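These are the residues of each chain, in order.
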Amino acid sequence: MGGDGLEFDPGISRQVEVVYTAPDVVEQRRVVRAALALRPGDRVLDVGVGPGLLAAEMAPEVGPDGRICGIDVSDSMLDLARTRAEVPGGPRIELEPGSATNIPYPPESFDVVVSTQVFEYVDDLAGALEEVRRVLRPAGRVVLLDTDWDSVVWRSSDDARMQRVLTAFEEHLADPHLPRTLGDVLQKSGFTLTHLQVVPMLNAGYDARTLSAGLIDIIAEFVSGRAGVTADEARAWADDLRALGSSYFFSLNRYLFVASAL
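Conventions used here
Residues numbered from 1 in each chain as written. Predicted model: local features only at pLDDT ≥ 70, side-chain atom pairs only at ≥ 80, totals over all residues. Heavy atoms only, no water. Helix = DSSP H or I, 4+ residues; strand = E, 2+ residues; numbered from the N terminus. Rg over C-alpha atoms; globule rule 2.2 N^0.38 Å. Buried < 20%, exposed > 50% of the residue type's maximum accessible area, 1.4 Å probe, protein only. Contact = heavy atoms within 4.5 Å. Areas by Shrake-Rupley, 256 points an atom, 1.4 Å probe, with all protein chains shown as cover. Lys, Arg positive; Asp, Glu negative; His and termini not counted. Charge placed at Lys NZ, Arg CZ, Asp CG, Glu CD. Phe/Tyr/Trp six-rings, centres within 6.5 Å; stacked < 30°, edge-to-face > 60°. Lys NZ or Arg CZ within 6 Å of the ring centre and 35° of its normal. Patch = residues over 30% accessible without salt bridge, like charges linked within 9 Å, V, L, I, M, F, W, Y side chains within 5 Å. Salt bridge = Lys/Arg side-chain N within 4 Å of Asp/Glu carboxyl O. Axes fitted to C-alpha atoms, helices over the stretch in contact; angles between N-to-C directions. Parallel < 35°, antiparallel > 145°, perpendicular 65-115°, else oblique. Left-handed = near helix turned anticlockwise from the far one by under 90°. Nonpolar A, V, L, I, M, F, W, Y, C, P; charged D, E, K, R; others polar. Pairing = 2+ DSSP bridges. Right-handed = clockwise from strand over helix to strand, strands pointing away.

What about the overall build of the protein chain?
Part 1 of the reasoning: Within the protein chain, the secondary structure is distributed over nine helices and eight strands.
Part 2 of the reasoning: A compact globule built from 262 residues would reach a C-alpha radius of gyration of about 18 Å, and the protein chain, at 18 Å, matches this within 12%.
Part 3 of the reasoning: For the protein chain, the C-alpha atoms occupy an extent of roughly 50 × 40 × 30 Å along the three principal directions.
Part 4 of the reasoning: Within the protein chain, the fraction of its 262 residues that count as buried is 56%.
Part 5 of the reasoning: Counting contacts in the protein chain only where the partners sit at least 6 residues apart, residues at least 24 apart contribute 82% of the total.
Part 6 of the reasoning: Entry remark: accessible area of the protein chain is about 11000 Å², with carbon and sulfur atoms responsible for 51%.
Part 7 of the reasoning: Taken together, the 24 basic and 40 acidic charged side chains of the protein chain have centroids lying 4 Å from each other.

In structure tokens:
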């Protein structure tokens, strides 16, 4: 994985789990599942399973004759996912340590590979896609969702400070602008792009139960002492956003790629 220092320890993992239960992120998973178009009996791998919310939602869609596997580099994320491993109407979710560049399954194990907000952390993108192709059956599908962080529009009383904070936060990613080149890399890696769509995230008015509100403390903690952002500035940035109340505004674009293996 790329980036510089966003460690998914138990504390961060629990914060991420809370963010992922917010209604706007629940809606994002619905969009991803619609693109997946899973069928009973499908074998699915979730690369970067995180707290297991998507895996648990996919399990009833493949039914008891299907298979859902999840891998993650974070032990604390896997611990959270294990609390969701038993899903009524679906198979028991299988969870293992692993990464996009080191998938612990034999060739042609899966009909579908899905990965959300993971590949932007990966240094060796071509190597990761080679691994995905290896574990997919012929004509199997990969579904990837990632963010272009230049798409962020976030209201602040201090635009210069906001830009410094966002620039510092990009240090945790291998490629904060991955969607711009992902289609080309997929094709060069032996995939045919079959579907592409933008998945916008919009939060107007401060609400703690949204993606952006949940990110504020995670970002503030990470950027303190990076790219010229002091701890006091990071705290002031966070306090400023929450104080906006009904004037709060945030949006960003995520991009959903669906491709078929040749």
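Side note on the packing of aromatic side chains
Part 1 of the reasoning: Within the structure shown, the criterion is met by six aromatic pairs.
Part 2 of the reasoning: Both rings, one in Tyr 105 and one in Phe 110, keep their centres 5.1 Å apart while their planes meet at 85°; by these two values the pair is edge-to-face. Residues Tyr 105 and Phe 110 agree in their burial class; the two are buried.
Part 3 of the reasoning: Aromatic pair Phe 169 and Phe 222: ring centres 5.9 Å apart, planes at 85°, arrangement edge-to-face. Separated by 53 residues along the polypeptide, Phe 169 in helix 6 (residues 159-169) and Phe 222 in helix 8 (residues 211-223) bring together distant segments of the chain.
Part 4 of the reasoning: On the basis of relative accessible area, Phe 169 is assigned to the buried category, the value being 5%.
Part 5 of the reasoning: Between Arg 226 and the ring centre of Phe 222, over which it is positioned, the NZ or CZ distance is 4.0 Å.

Let's talk about a nonpolar patch on the surface
Part 1 of the reasoning: Residues Val 153, Leu 202 and Phe 249 make up a contiguous nonpolar surface patch of about 270 Å² in total accessible area.
Part 2 of the reasoning: By secondary structure assignment, the location of Phe 249 is in strand 8 (residues 249-261).

Re the environment of Ala 85
Part 1 of the reasoning: Mapping Ala 85 onto the fold places it in the loop between helix 4 (75-82) and strand 3 (94-97).
Part 2 of the reasoning: Accessibility expressed as a relative area gives 1% for Ala 85, which makes it buried.
Part 3 of the reasoning: Sequence-wise, Ala 85 and Arg 209 are 124 residues apart; in three dimensions their C-alpha atoms are separated by 25 Å.

With respect to the packing of helix 1 (residues 10-20) against helix 4
Part 1 of the reasoning: The interhelical angle for the contact between helix 1 and helix 4, taken along N-to-C directions, is 45°, at an axis separation of 8 Å. In this view, helix 1 runs oblique relative to helix 4, as classed from their interaxial angle. Classified by chirality, the crossing of helix 4 by helix 1 is right-handed. Of the residues in helix 4, those touching helix 1 at Pro 10, Ser 13, Arg 14, Val 16 and Glu 17 are Ser 76, Met 77 and Leu 80.
Part 2 of the reasoning: In terms of residue class, the contact of helix 1 with helix 4 is built from four nonpolar, two polar and two charged.

Here we look at unusual backbone geometry
Part 1 of the reasoning: Phi at Glu 108 takes a positive value of approximately 60°, unusual for a residue other than glycine.
Part 2 of the reasoning: Following the sequence through the fold, Glu 108 ends up in the loop between strand 3 and strand 4 (110-116).

Some thoughts on the pairing of strand 4
Part 1 of the reasoning: A large share of strand 4 lies buried, amounting to seven of its seven residues.
Part 2 of the reasoning: In this sheet, strand 4 lies alongside strand 1 (residues 43-47) in parallel orientation, the contact comprising three bridges. Residue Leu 45 lies in a different strand from strand 4, and its bridge partner there is Val 113.
Part 3 of the reasoning: Between the parallel pair strand 4 and strand 5 (residues 136-147), the chain is carried across by helix 5 (residues 125-135), and the sense of this crossover is right-handed.

Keep in mind these numbers describe shape, not what the thing actually does.
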